[in-house]
Structure formats: structure tokens, C-alpha cells
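One letter stands for each residue in the lines below.
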Amino acid sequence: MTAWIDGQAVERDAAVAAAAELLAGARSPLVAGLCADAAAVQAAFDLARTVGASVDPAAGAAVYADLGALASVGAMATTPAEARGRADLVLVVGQAPWTAGLVPDLAAGDPVRGRASGRPRTLATLGGTGDGAVRHVAYPAGEAGIPAAIGLLRGLVAGRVAGPHPLADLAARLRDALYGVIVYDPAEIGALGAEMLTGLVKDLNETTRCFALALGDAHQGRTAMQVAAWSTGQGPRVGFGRGRPEHDPWRFDSGRQVAAGEVDAALWLAALPAPLPAWTRTVPSVALLGTPTGSEARIVIAVAVPGETAGAALWHPGRAAIAWHEAGAPAAAAAPDAAAILADLHDRLAAAPMRAPAAPTELSASC
Amino acid sequence: MTTLTLRAAPPERLDLAGITPAALAGLSEGEAARLPVGTSRHGLTLGDCFAVALDGADELRIVGATDRLDRIGAGLEAGRIVIEGDVGQRLGAGMTGGTITVSGSAGPFAGTAAKGGTIRIDGDAAESAGGAIHGAPAGLDGATLLIGGRAGDRLGDRMRAGLIVVKQAGDHAGSRMIAGTIVAEVVGDHPGYGMRRGTLVAARHGALLPTFAETGRQDLVVLRLLAKSIAAHSPEAAALLRGSMRRYGGDLATLGKGELFTPAG
């Protein structure tokens, strides 16, 4: 079973034809999700350009919490592999990094390369409850919350906030470290918090070395970010309605667009698991899914699961880069790659140009 | 008076950047009707969506406006735009002069990067009114922004110059401020997060950041001057500024040359 229309199993070709028909007639289509390998995400951008769609990854909010800070003040960042090799102080901010599996990995060893080589590694936390199995020094964030605590820490590090304070000790540790790494989840601390954290890292680099280490998201948002950068030169929330890629994180937020009734057809791409938004059942939608049941949207097409039933280029959190992932268990009759379905859709829609808009007199009436 | 009357709710967001009294003054009604305003592949024009009546005046009236009309008055240099209804995002973005008034409410980023002129919104304003858009160097940049109702979070975010007067603002008012002045009756939690310089005045406020330090009661001539300068816009705000004030300096997380004034006692 690989394709469905209105919950009824159909031939894949019929589903693709119906999907092309749905998107061809749309005024403001949306291509969302992008929880897939780099080739599929690239094909989704190509399709969006052809049909004048806007694009928003499932990881949109998380991606923009970090991208906002990057666009405003830049970044001084490192990768998990570098942190493991070089850091003598790892500060874990908030709770989310503890669920990502990265922390025990960083806690396991001491720095073996660079200026801090030979020193022991200290693990400290700010505003997280930590994990009893991993030895760490815990500092509470206080009632004001994590972003406020990051600001306070920054003031203490720079000497603008003086006097005895529970975080003064942590500030001293950061200043004394030869290679500090601050691990955080942009989605947890938000754009303002991420920008403040970058400021803290920059201040520390006046006298020593310190780097930010953002957790990637679980839905290939970093892949979408990279593909968007090389395809459009901008972030992933772009719209092609006027032919050129317009970047507007507010306007092309898919949740906002759907709530405002601005979307009349959508394509949801989740070759890897991603939370299905409620709108796939209310907006006329096509869903390309790695593990479909058939009822997720008006048209559902099964695709290969990248890195499992097919080899694919996916985000590698350890290397902080897009890297090739071999197929884990290639199925004998595996579903086609999402990229192939999207390319098929693209070819059908490029060959049949947009339906001519209604005559000007009718347009006036409809507008 | 030049008038654009929206015929029906637009089927997509419209971009009205550059539709100013000066830009329309040199055009015939036919030419104006062909100006592109659509944001989809359908290529909607001004005439598709609005009944256009031009008379070359320096006042433009937009009747029946909705929250799908983005960038009204963007780049305005002179003249007056009067909007009956609501507006979308980036009202008056980058304007350098003139006046914009809105009878309803505004979407996010009203007055972003506006260097001069005055924007008056009778209703509410969404998040980041007078704030910077993604990656932009500054929000409000010298213009005056008056909001009769409630503003969303991050009012005046990264603003660099100018004045905002508002009844009520959400959380993080004056976040990342570079400079400028915000006067509000009420602001939410954590005003001035990351502000470098600039002045916040609020009759009431939510939780303050631990990086704002009280610097005592102040009786500053500059606040009297400010009261005088905004009395015409907002008598309530002027009255607030004439009282005795307690001053907090911050945000000490960053440069710390900003300040928050709130009535003493």
C-alpha cells in the first residue's frame, strides 16, 4: 500500500496526478514539513519555486530562535566533536540538552587537544535539573527564568554586576576556563535568550576562549536551513509567490498562515517522523510520509525513510554537518524516495503552466 | 483627496509598499490601477482590489482596510495617509516623513526602521511595534509611534531613535534597545531585556530583570522637557512624566546605559 486519496488506496501514479492537480489550482500553496533528506528538501524548494508556494520546515520555530540571533549579532560556535576534544568547561543551559543524549557524551572524557589539553573537564548546569548519573555543578536559574539568568551571568562575567551572588562563582569558572563550551537548545531559551548567550560568549572571548553549541532540532531543520541557504541565499521561510524568493519569517510561518486562512493547498513532507499538524486534514493537502496510515491528508503518498530504507544525506548532529547515512534495512519493495515523487510533481507542474487567472473583470469581483 | 476603497476582502496578502500620495500624484487612474500589489502568481494590481479615485492631493485615504494589507506607507516621505480599518505588518516601514493614521489595529513591526514622521494607531498593535524585522539593524529609527491601545511583546525591539507612546505593552518592552524613548502606562514582564541605551517610562510594570539596578529617586529636567514635547500627543503620558520618578539603570547584561523610570511611592 503506497498511495491513498480520501483514505482509499489508489495507484501511486493516480495519487501523484491528483497532487499535481491540487497544487496547480492553488493561489497560495504551502510546502511544509521538510523533515527529510537533503535531496528531498532540495526537490521541495524546486517544487515551491515552480508553483509559487511558500516554504516552512517543521522545525521552523526552533530554527528561527537561533537564526534570529545569528542574523542580529553573528555567532561564535563549535561542534560536539570539537567540544569533546578541547573543552575544559561545559556549561549546560536549561533542561532540553539533557534529553538529547549529548551531555553524558561530553561528560565522559577530558580535553585531549588544544590549549586545555591535560586539564580535567568540569560540567556545570544553569537552570537544569541535571542527571544523577553525570557529575556536575548545578546553578539555579532563579525565578526570573533562564534568559534572565543568562543576562545576569553575562553582566557578572563582564564585571558590570558586582557583589556576592550565587552565579558569581559560575562567572569566575567561565572566565578561568581555557576552552569553555555553552550548550543550549534555541527552542528552549528563545531568540532573545540565544542572542544574549551569544553576547556572553563574545564577551568571554575578549580574554579567553568560549563557544556556543546549539542543539540541533529533531526534524532536519538544520538540513532545511542549509538547503535554503544554497538555494535562495536566505533562511528556510521563503515564499515564491512573486517569482523570487522572499524571506519573511513572520509571513511564511505556516501555522500563522493557516490560522489566517491564507493557504488554499499544502504539501506536507515528512519522510522522517515529525508531528503532523492538524491542518493537513482541514486544508486540501498532499502528505509525503515515510510511515503513512493513509488518512493523514486528502492525498497521501508513501516514500522511503531516509537512512533506513534508503541511503540519504541527512543532518549528522555529531559532526554538525549534512552527511551520508547508509540504508539500515533496505526493503525489497521499498517506496520511492521523496525526492523522486517531488521531481515527478515538479515536472508535471512545470509542463502545465499555472492555470490562466480569471479575466480582469472577474478578478475584480473576486478580490 | 485621493481615495483607495477596498472592494472585498483580498484573497491573498497585498503589499502596498510605495503606494504613497507622491507616487500616485503623477499617475492617471488607469496607470495607478495597474500598479502591482499582489503577492501570489496571480499578479493582482491595485485596480483589481481597490476602487481608485485620484486627485493629486497629498492626502491618501484607504477605506475598508484589513489586516492583509502589508507595508502601507512604507517609504513615505511626505503627505498624509489615513486608513479606515486594520492594517497588516510593517506599517510605515522605513518612512522618513509625513503622517499615517490607522482607525483600527496594526499587525507586527509597525514603524520598523522608520526614520521620520508620525504614525498614530487608534487600536492595538501586534508584536514588535517599532521593532526590528529579522536581522535588521534597527527598529524605529527616529519617527514617532503613537498607539492608543495595547501593543504586543517586544515593543520597540532594537529601536535606535524616536519616541513610542502606548497605553499598554506586553513583555520585553524595549528589548535590545539601542536608543530612543518609550512611554507606557503599563508594560509587562522583563522590560528592557538586553537594552544598551534608551529610556523606558512606565506607570506600572511587571517583573523586573535582575540586571536592572535601582539608582534612587530622580527629579530630572529632561523628563519635564519630554513631558512638554509629548503633551500634544498624549496628555496622560505627559502627566506621568511630571511626577516624581524612581530610576533603574540597565540592562547591565549589556552596556547598561539604558534606564527605566517608574513613579516613586
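This is a predicted model, so every value here is computed, not measured. (Residues numbered from 1 in each chain as written. Chains lettered and ligands numbered in written order. Predicted model: local features only at pLDDT ≥ 70, side-chain atom pairs only at ≥ 80, totals over all residues.)

J.: Break down the confidence of the model for chain A for me, with residues and values.
T.: For chain A, per-residue confidence averages 91 on the pLDDT scale, and 94% of positions sit at 70 or higher. Scored below 50 in pLDDT, residues 356-367 of chain A shows 16 contacts in the model against residues more than four places distant or in partner chains. (pLDDT = per-residue confidence, 0-100. Contact = placed C-beta atoms within 7 Å.)

J.: Give a detailed account of unusual backbone geometry, specifying residues and quantitative values.
T.: Residues and elements named next belong to chain B. In this model, Gly250 is joined to Asp251 through a cis peptide bond whose omega is -10 degrees. Within the secondary structure, Asp251 is located in the loop between strand S14 (245-250) and strand S15 (258-263). Positive phi, close to 55 degrees, is recorded for Arg71, a residue that is not glycine. Mapped onto the elements of the fold, Arg71 is located in the loop between strand S5 (69-70) and strand S6 (80-85). The buried category is assigned to Arg71, around which 24 C-beta atoms lie within 10 Å. A positive phi is found at Ser128, a non-glycine position, where the angle reads about 55 degrees. As for its position among the elements, Ser128 is in the loop between strand S8 (118-121) and strand S9 (141-151). (Helix = DSSP H or I, 4+ residues; strand = E, 2+ residues; numbered from the N terminus. Buried ≥ 20, exposed ≤ 12 C-beta atoms within 10 Å, placed from the backbone.)

J.: Got a sec to walk through helix H2 (residues 38-51) of chain A? Specific residues and values, please.
T.: Residue and element names in this part refer to chain A. In this model, H2 (14 residues) spans 20 Å end to end at C-alpha, consistent with the 20 Å of a helix rising 1.5 Å per residue. Counting buried positions over the 14 residues of H2 gives 11, a clear majority of the element. For H2, the set of buried residues is Ala38, Ala40, Val41, Gln42, Ala43, Ala44, Phe45, Leu47, Ala48, Arg49 and Val51. Downstream of H2 by one or two residues, Gly52 has phi in the positive range, about 70 degrees. (Expected span 1.5 Å × (residues − 1).)

J.: Which residues make up the pairing of strand S11 (residues 181-187) of chain B, and what values go with them?
T.: Residue and element names in this part refer to chain B. Most of S11 is tucked away: five of the seven residues are buried. As judged from the five bridges shared by strand S10 (residues 161-169) and S11, these two strands associate in the parallel manner. Bridge pairing in S11 links Gln168 to Val186. Here six bridges tie S11 to strand S12 (residues 199-205), and the two strands are oriented parallel to one another. (Pairing = 2+ DSSP bridges.)

J.: How would you explain the confidence of the model for chain B if you had to name every residue and give the values?
T.: Here chain B averages 95 in pLDDT, and 100% of its residues register 70 or above. Across the interfaces of the predicted complex, the ipTM metric reaches 0.95, alongside a pTM of 0.93.

J.: Outline the interface of chain B and chain A, listing residues and values.
T.: Interfaces are often sized by the amount of accessible area the parts lose when they come together. The interface of chain B with chain A comprises 31 residues on the first partner and 31 residues on the second. Taken together, the residues of the side of chain B that touches chain A sort by class into 12 nonpolar, 13 polar and six charged. (Nonpolar A, V, L, I, M, F, W, Y, C, P; charged D, E, K, R; others polar.)

J.: How would you explain the sheet that holds strand S8 (residues 179-184) of chain A if you had to name every residue and give the values?
T.: All names here are of chain A. The strand order across the open sheet built from five strands is S7-S6-S5-S8-S9, with neighbouring strands paired in parallel fashion. Since the sheet does not close on itself, it has two edges, and those belong to strand S7 (137-139) and strand S9 (209-214), each with one partner. Across the sheet, the mean angle from the axis of one strand to that of its neighbour is 20 degrees, orientation sign disregarded. Direction of pairing for strand S5 (residues 89-93) relative to S8: parallel, over a ladder of four bridges. (Axes fitted to C-alpha atoms, helices over the stretch in contact; angles between N-to-C directions.)

J.: Summarise helix H7 (residues 168-176) of chain A; cite the residues concerned and give the values.
T.: Regarding H7 of chain A, the residues found buried are Leu170, Ala171 and Leu174 of chain A. Buried residues in H7 of chain A, looked at end-on, bunch into an arc of 100 degrees, giving them a common side. (Arc of directions from axis to C-beta.)

J.: Explain the packing of H2 of chain A against helix H9 (residues 221-232) of chain A to me, and be specific about the residues and the numbers.
T.: Residues and elements named next belong to chain A. Running from N to C, H2 and H9 point in directions that differ by 50 degrees, and their axes come no closer than 10 Å. Taken together, the axis directions place H2 and H9 in an arrangement best described as oblique. Handedness of the H2/H9 crossing: right-handed. For the pair H2 and H9, contact is made by Ala38, Val41, Gln42 and Phe45 and by Thr223, Ala224, Val227, Ala228 and Ser231, respectively. Its residues assigned to classes, the contact of H2 with H9 comprises six nonpolar, three polar and no charged. (Parallel < 35°, antiparallel > 145°, perpendicular 65-115°, else oblique. Left-handed = near helix turned anticlockwise from the far one by under 90°.)

J.: Kindly report on the nonpolar core, identifying the contributing residues and their values.
T.: The biggest cluster of nonpolar side chains holds 213 residues, and the ones touching the most others in it are Ala44, Val93, Ile182, Val183, Leu197, Leu269 and Ala271 of chain A. Those residues in contact with Ala271 of chain A that sit more than four places away from it in its chain are Cys35, Ala36, Asp37, Ala40, Leu288, Gly290, Val303, Ala304, Val305, Pro306 and Ala338 of chain A. (Core = buried A, V, L, I, M, F, W, Y, C linked by C-beta atoms within 7 Å.)

J.: Before we move on, can you summarise the domain arrangement of chain A with the specific residues and values?
T.: Residue and element names in this part refer to chain A. Along its sequence, chain A is carved into domain 1 (3-59 + 219-366) and domain 2 (65-214). Between the C-alpha centres of domain 1 and domain 2 there is a distance of 36 Å. Counting residues at the interface gives five residues for domain 1, matched by four residues for domain 2. Residue composition of the side of domain 1 that touches domain 2, grouped by class: two nonpolar, two polar and one charged. (Domains from an automatic or database assignment.)

J.: Can you tell me about the domain arrangement of chain B, naming the residues and giving the values?
T.: All names here are of chain B. Annotation of chain B at the domain level lists domain 1 (1-13 + 20-59) and domain 2 (71-263). For domain 1 versus domain 2, the separation of C-alpha centres amounts to 31 Å. At the junction of the two partners, domain 1 supplies six residues and domain 2 supplies nine residues. Within the side of domain 1 that touches domain 2, the residues separate by chemical class into two nonpolar, one polar and three charged.

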